[in-house]
Amino acid sequence: VVGTIIGASIFVQPSLVSGAVPSMSGMLLVWTTAGILTLIGALVTAELASAFPVTGGVYVYLRESWSPAAGFLWCWAMFWSMHTGIIAAIATVFARYVGNFVELGDQGMRAAAVGAIVFLSFVNYLGVRQASGLQTFFTWIKLLAVAAIVALGVWFTVQRQAPPITAAPAELSYSGFVKAMIAGLFAYGGWHMVTYAADETKDPSRTIPRALMGGTLIVTIAYIAINAVYLAVLPLELVVSSRRVAADFADVVVGRGGAHALSALVILSTLGGMTGIILAGPRVYLAMATDGLLFSWIGRLHPRHRTPHIAILLQGVWACVLAWTGTYAALFTRVVYTEWIFFALMAASLFLLRRRADYQPAYRMRAYPLLAGIFVLSSLAIVVDAIRSDPRDSLLGLGMVLAGLPVYWVWKVVAKPAETSPTSHTRPGPS
């Protein structure tokens, strides 16, 4: 969970958060609130994962609680925007930090982002062992990068006796806070992806809930710490304007050489984030194809490498298109806005499932229904504010998601449903 969440955004998003809430207290409030909201989402997901410990994750939860159409729309949005958008956004951050070593124009950055997606998709094509080995290596690198930033910031503040950065009080508006929350939540994104491979997890009904709760708590603490040292070392104006805040931080603390070293760690961290996300997505498409809601050939396994190679290829091609055509800000806003519509539905499903006699999760979240209700309302507030602040793009994105409904209806009429489904054998009940 930690390895998936900590990808690239924490090395970029502080600038986007501070731009919306230009004050130290406002920034820390956003990162803390986003972490708490993510933790509540993890608790919701932990209960659902203990009730449905099968491959597919959110797709399965929506399918079982609401309808197969809801699960279909999740996968539809995953492919066209959410999952591929995350890959493209992280690839864009990768290209930004490569630009710290090599002068890249706009086209060069896009080419670098596409190149990273192609390379890591090829690694995943070769096999799970290769991809997971690379992911493990990169996870240690990204944890090293976060630890290095926090340690350097503390050392700099203590040794140089740097005074705390003071900034003129800025009015915290509701709109600015929600905009900052969208940026912060993107940095916390990916916590739910551990559920995609439940069938391959040992004792998933116990392991996944523990991983979700422990992992999100660790990341929340790490994110608050890393933002605190950014603000303790850098002027707020620089945090707001920086496109590579981690590199600028290292410039101040240890000089240009340090910035290059930290940039290299960030580059490896972005590659690690993409590796895990590229690995996770095709599992959902495989579950969907097995359920008869996609062409069966999309879930076909490679005869030698035993990977869903066609799903990996399609995912990689569309992620490359998004990376080449979309800006970073547009990509992450689209992902968060769309994802949290489904997260609201996922949390609301608890109100339906807990009324069913056959619903027997191994873990039940505490403080229900209070926490589930807070999560649903917060998710809807994010969606509503996104529509209000940018109605054209938001409604365009919502229209793209809803366009999956006629596709689903046509598919149900034309395609013959799968007779058996490994992902549909588990119904609510003890695992």
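Everything below is about the structure shown above.
Residues numbered from 1 in each chain as written. Predicted model: local features only at pLDDT ≥ 70, side-chain atom pairs only at ≥ 80, totals over all residues. Heavy atoms only, no water.

Participant: In this structure, what is going on with the overall build of the chain? I would like to understand it.
Facilitator: What the chain contains, in helices and strands, is 17 helices and 0 strands. Across the 431 residues of the chain, 57% fall into the buried class. Expressed as a percentage of contacts within the chain between residues at least 6 apart in sequence, the contacts between residues at least 24 apart total 83%. Summing over all exposed atoms, the chain offers an accessible surface of approximately 17,600 Å²; the carbon and sulfur share of this is 68%. (Helix = DSSP H or I, 4+ residues; strand = E, 2+ residues; numbered from the N terminus. Buried < 20%, exposed > 50% of the residue type's maximum accessible area, 1.4 Å probe, protein only. Contact = heavy atoms within 4.5 Å. Areas by Shrake-Rupley, 256 points an atom, 1.4 Å probe, with all protein chains shown as cover.)

Participant: For this particular structure, what's the right way to read the packing of aromatic side chains?
Facilitator: Note on aromatic pairs: each is described by the distance of the centres and the angle between the planes. Using the criterion set out here, one finds 20 aromatic pairs in the structure. Aromatic side chains W31 and Y188 sit 6.1 Å apart centroid to centroid with 50° between the ring planes, which places their arrangement in the tilted category. Here the residue W31 occupies a position in helix α3 (residues 24-51), and Y188 occupies one in the loop between α8 (174-187) and α9 (204-233), the gap between them amounting to 157 residues. For the pair W31 and Y188, one class covers both residues: buried. Relative to F343, the ring of W191 lies with its centre 4.9 Å away and its plane at 45°, an arrangement referred to as tilted. With W191 in the loop between α8 and α9 and F343 in helix α14 (residues 328-353), the pair connects residues that are 152 residues apart, well separated along the chain. (Phe/Tyr/Trp six-rings, centres within 6.5 Å; stacked < 30°, edge-to-face > 60°.)

Participant: Can you walk me through helix α16 (residues 391-402) in this structure?
Facilitator: Helical periodicity: at 3.6 residues per turn, an α-helix aligns residues three or four positions apart in one direction. The terminal C-alpha atoms of α16, which comprises 12 residues, lie 16 Å apart, in line with the 16 Å expected from a rise of 1.5 Å per residue. Residues of α16 that are buried: S394, G397 and V401. Along the axis of α16, the buried positions cluster into a sector of 65°, meaning they face one direction only. Opposite the buried face of α16, by more than 90 degrees, sit the exposed residues R392 and L396. (Expected span 1.5 Å × (residues − 1). Arc of directions from axis to C-beta.)

Participant: Honestly, the environment of S121 in this entry has me stumped. Any pointers?
Facilitator: Turning to its location among the elements, S121 is positioned in helix α6 (residues 106-126). The buried category is assigned to S121, whose relative accessible area is 11%. Filtering out sequence-adjacent residues up to four positions away, S121 remains in contact with I278, I312 and G316.

Participant: Honestly, helix α11 (residues 245-254) in this entry has me stumped. Any pointers?
Facilitator: Taken as a whole, α11 has its buried residues at V245, A246, A247, F249, A250 and V253. Within two residues after α11, G255 carries a phi angle of roughly 90°, on the positive side.

Participant: Is there a simple way to explain unusual backbone geometry in this structure?
Facilitator: Trans peptide bonds make up most of the peptide bonds, and negative phi angles are found at most residues other than glycine. Cis rather than trans, the peptide bond between Y368 and P369 has omega equal to 10°. With respect to the helices, strands and loops of the structure, P369 is situated in the loop between α14 and α15 (370-389). Positive phi, close to 50°, is recorded for D203, a residue that is not glycine. Along the chain, the position of D203 falls in the loop between α8 and α9. A positive phi angle, close to 55°, is found at A367, a residue other than glycine. Structurally, the position occupied by A367 is in the loop between α14 and α15.

Participant: Please explain the environment of T220 as it appears in this structure.
Facilitator: Looking at where T220 falls in the secondary structure, it is placed in helix α9. Considering only alpha carbons, one finds T220 and L39, 181 residues apart in sequence, at a separation of 8.4 Å. For T220, the residues in contact, after removing those within four places along its chain, are G35 and Y188.

Participant: Please clarify how a nonpolar patch on the surface should be interpreted in this entry.
Facilitator: On the surface, a cluster of nonpolar side chains totalling about 240 Å² of accessible area is made up of W66, L345 and L352. Structurally, L345 is set in helix α14. On the basis of relative accessible area, L345 is assigned to the partly exposed category, the value being 31%. (Patch = residues over 30% accessible without salt bridge, like charges linked within 9 Å, V, L, I, M, F, W, Y side chains within 5 Å. Salt bridge = Lys/Arg side-chain N within 4 Å of Asp/Glu carboxyl O.)

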